[in-house]
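Chains, contacts and geometry: an overview
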Amino acid sequence: MSDLPGEPLAPLPPLAAPRRPRAWFWPGFALGFLLLATLTCTVSIFAGGLNRLGIADLNGGNSAAWTPPPPIPTLPGDSASADTESGEAPALGAFRAGDRVRNVTSSVVNVRATPGYLGKPAGDILAQTMPGDAVEIVAGPQAADNLAWWRVRVAPAGGPVVEGWMAEATASGVQILGN
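This write-up is about the structure you can find in this document. (Residues numbered from 1 in each chain as written. Predicted model: local features only at pLDDT ≥ 70, side-chain atom pairs only at ≥ 80, totals over all residues. Heavy atoms only, no water.)

Some remarks on the environment of Ala-155
Along the chain, the position of Ala-155 falls in the loop between β5 (147–154) and β6 (162–167). It is 8.8 Å that separates the C-alpha atoms of Ala-155 and Thr-129, two residues lying 26 residues apart in sequence. Those residues in contact with Ala-155 that sit more than four places away from it in its chain are Pro-160 and Val-161. (Helix = DSSP H or I, 4+ residues; strand = E, 2+ residues; numbered from the N terminus. Contact = heavy atoms within 4.5 Å.)

Describing unusual backbone geometry
Pro-141 follows Gly-140 through a cis peptide bond whose omega is 0°. Within the fold, Pro-141 resides in strand β4 (residues 134–144). You will see that Asp-145, though not glycine, has its phi angle at about 55°, which is positive. Checked against the element boundaries, Asp-145 lands in the loop between β4 and β5. Of note in this structure, Asn-146 is not a glycine but carries a positive phi near 60°. The topology assignment puts Asn-146 in the loop between β4 and β5. Residue Asn-146 is classed as exposed on the basis of its relative accessible area of 59%. (Buried < 20%, exposed > 50% of the residue type's maximum accessible area, 1.4 Å probe, protein only.)

Okay, structure coming up:
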C-alpha cells in the first residue's frame, strides 16, 4: 500500500460501537422528587405551625375526658385539714399496722429504704413486689412527695424478709396497695 495517487486505499479498521452516555434520568428523577417532597412538607409545617398532640385529641376532640385528681395526703393532727364536726383530723391512708395488703397493680412496685420517690438514688430500692404479692403493714402512714407511704414487711420470692416503704397510690391516683 502506498500513498501514490490512483492506488486503492487500505480499508480502515472497524470502529468500536459508539458508547451511550450513562442514563442518569431515573436517579435524577428520584432525587428531585425527594427534594421537592421534603421542601413541600417543610413549608407546610412552618406555614401551619407545630401543634402539640394532647389526650383530648386522641379522644376524638372530646374535652370531657376524665383525669383523676392528684392525691392530697394529710397528716393526722394537721390543723388545716381538721374535721370541723368532730375536731379530729382525718387519717392519712386506709390501713393500720398489722394489716395484710396486696400489690393490686399489674406492675412491679418498688419497696424503698425511705419514703418518697423523687430524686432518690438507685440504692434506695430494697426490693420489688410483683402483682398480687402480699405485704404486711408495719407502720405509717408518712407523707412524702405528695403520697401516703407505708412501712411494710415483704418476703420477695427467693429472698430474705425486707422492711421498707411503699406508696399507697401513684401520683396519678392509681391504687397500689389494697385488699
